[in-house]
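Spelled out, the chains give:
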Amino acid sequence: MNGAISVDSISYAYGEIKAVNGISFEVARGEILGFLGPNGAGKSTTIKMLVGQLVPQAGSIRILGMPVHGHSSEVNARIGVSFEEKNLYLQMTAEENLKFFASLFGIKRLDVRALLERVDLAGRGKDRVASYSKGMRQRLMIARALINDPDVLFLDEPTDGLDPVSSRAIRAIIEERAHAGTAVLLTTHDMNEADRLSDRVAFINEGVFHAIDTPENLKLKHGTRSATVRIRVDGEIVEKRVPLDQESVGDGLKGAVNDGEVVTIHTEEATLEDIFVSMTGRGLV
Amino acid sequence: MSGPGRAAIVGAILKKDLIQFSRDRVYMVLSIVGLVMFITVYWLLPDTVDESITIGLSHYDLGQFEAVFADAEEGLDVVVFESEEAMRSVIAGDAEAWRTDTGRILIRDTVAGEARPENAKKLSVLVGLGFPENFLRDTATGTAGTVRVLVNDDTPEEIRTAMVSFIREIAFMLAGVEMPITEPEADEIILGTDRMGAQISMRERMQPMLIFFVLMMETFALASLIGVEITHRTVTAITATPAKLSDLLAAKTIFGIGLSLGQAVVLLAAIGAFGAGNALIILTAAFLGAAMFTGIGMAVGSAGRDFIGTLFFTMACVLPLAIPAFSALFPGMSPAWVRFVPSHGVMTALVDATAYGAGWSDVAAPLGTAVVWVVVLFALGLGVLSRKARTL
């Protein structure tokens, strides 16, 4: 295994409950892996093991070729983490938060202003974080994760509950980092976000992987495509659905079109959520 | 990128803790106002001990009484009232007795709102003896008489009993008869320092209590800081960097001890405790106290979920530790189990050093006990906090 993140059959249980059960995967440099699963699926436990805050009860993890456990300081010096909870110091300003964490990385000269500009917080750097909105705090979390120019980025629900503008800004930063060669592991509930951002997605439920592949391949392998034809018949609108994954697609479409006056034709493909539900038997919430 | 050294990381966390502490008005106000208040209270307390008992006396003809009372006991302050009625109203609290510079006794009727007399000192008459008019003659001739002992509801039972015995003794003296017993010789042995004429004042007795209050406040401040790290899960953000949990624990240890010890030292210096005893012993005791309370602060901070929760847990854990400080206020009245309270060793060493000028050999035992308790409580605090941080 030579990925930026290499995980081999890791498991972790809280008492009798198996949170993660023998999962393996790799993330290459510059790749974004989307981790998809409902609450309690094992996403956060996996991230805690990856950043060295939990020790796997079985299996092994290597980050940038180094085993995580026993080398946590060396590994952590090269990773950035944005946790699901906004664990910032609320009574300190954004600048003080960033400077403090920079000092933990041994960074003496941090261009705080540039970092804050990147997440569109430059004008509020001297304000206490307690006065920030949820979106601003999330952007500051991203800025904090980027302090050390990490080679590996772990982002736990980075856009959860954010407005579209904040979400778009954060997605742009994630894509930019990946293009710069950072390996990104991203957990999210948002299937559209995962579809748009991820090079590959992994479906996790009850601690095990149900699939790991590119969004396109998952849709091709497990989804169904169709065309919805809306025609007007005797003044009324009628909808006809024609499956596209069959040999007689042309006959089906021709029949639908000939039945009346065509109003619209839409093609549809399965969403990741549809595929997740069909594979795991449950939704993402 | 070369990683920072452990000392640099601990220093960075300490700096952050100081910023957080300074931003919280509650802790800042509590720390500064509390310290000023404790110092003020200390200097307002009396620094002398009035060992004399003031008794009132009413009699138409003092005669030999003056000599009898003058010789009777050391520390007996006799106030002669013109009438038993005046003495009764003073002891009942309806009037006050004042003694002028010339020794004259003035009665101020407080119920009528009379003004305070000038150039006079107020007397606190504990008990009054009302002798009958023919007491001298009756006693000399062996006739039974009645002496009224006037006390108020504040007068201790011991003093009432002592006064009754005292009157009997006077009667025998007046009658020129020896008491019907062979008086045993009393060999007075003073255990410890002889403080005759220099008893510990209320001000001195308050020292451990004030130090306890300072340590308690800073325990609360530390517990709250740790509580914030736990509830906001900032601990996990720190340990996702090159910083280790041990760095965080080291920083909290230094911060907690530094904060408590710093305040205790300021207080001790402001009340002049270092000049009263061996400064190194006092510093050692204060350090052990700070370490003990830091351990408690860590455990409490790990358990508290919000301000009220932290306050509740702090009080529940810390208040029992005040018992030895109370014992110092009322020596001789504390039960034997007080010595098993963890703070007993620290408080005993502080009292012995500041009030009795104890040396190292005198405080070796209490300091040894304190060290054991510090190790236990500090290990407990570190264990609880590290376990909590690992399970977030």
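Check the entry above for the structure.
Conventions adopted
Residues numbered from 1 in each chain as written. Chains lettered and ligands numbered in written order. Predicted model: local features only at pLDDT ≥ 70, side-chain atom pairs only at ≥ 80, totals over all residues. Contact = placed C-beta atoms within 7 Å. Helix = DSSP H or I, 4+ residues; strand = E, 2+ residues; numbered from the N terminus. Pairing = 2+ DSSP bridges. Axes fitted to C-alpha atoms, helices over the stretch in contact; angles between N-to-C directions. Parallel < 35°, antiparallel > 145°, perpendicular 65-115°, else oblique. Nonpolar A, V, L, I, M, F, W, Y, C, P; charged D, E, K, R; others polar.

Chemist: Explain the interface of chain B and chain A residue by residue, including any values.
Modeler: Across the contact, 24 residues belong to chain B and 20 residues belong to chain A. Listing elements by their share of the side of chain B that touches chain A, those giving two or more residues are α1 (6–23) and α9 (234–239) of chain B. Counting residues per element, the side of chain B that touches chain A draws most heavily on α1(B), which supplies seven residues.

Chemist: Tell me what's going on with the sheet that holds strand β3 (residues 95–100) of chain B, and back it up with residues and numbers.
Modeler: All names here are of chain B. Within the open sheet, the three strands sit side by side as β4-β3-β5. Their pairing is antiparallel. In this open sheet, the two edge strands, each paired with only one partner strand, are β4 (105–109) and β5 (120–123). Across the sheet, the mean angle from the axis of one strand to that of its neighbour is 35°, orientation sign disregarded. Both β3 and β4 contribute to a ladder of five bridges, which runs antiparallel. Among the inter-strand pairings, Glu96 is bridged to a residue of β4, identified as Arg108. Together, β3 and β4 form the strand contacts of helix α4 (residues 84–92), whose direction differs from that of β3 by roughly 110°.

Chemist: Give a detailed account of the packing of helix α5 (residues 134–145) of chain A against helix α6 (residues 164–179) of chain A, specifying residues and quantitative values.
Modeler: All names here are of chain A. Running from amino to carboxyl end, α5 crosses α6 at an angle of 5°, the nearest separation of the two axes being 10 Å. Judged by the angle between their axes, α5 and α6 are roughly parallel. Seen from α5, the contacting residues are Gly135, Gln138, Arg139 and Ile142; seen from α6, they are Ser166, Ala169, Ile170 and Ile173. Residues that form the contact of α5 with α6 fall into these classes: four nonpolar, three polar and one charged.

Chemist: Pulling in residues and values, what's your account of the pairing of strand β1 (residues 5–14) of chain A?
Modeler: Residue and element names in this part refer to chain A. Of the pairings in the sheet, the one linking β1 to strand β2 (residues 17–27) comprises eight bridges and is antiparallel in character. Bridge pairing in β2 places Tyr12 opposite Val20. The turn joining β1 and β2, which pair antiparallel and follow one another in sequence, is formed by two residues; a positive phi near 70° is taken by Gly15. Examined bridge by bridge, β1 and strand β4 (residues 58–63) share five bridges and lie antiparallel to one another. When the bridges of β4 are listed, Ser11 appears paired with Ala58.

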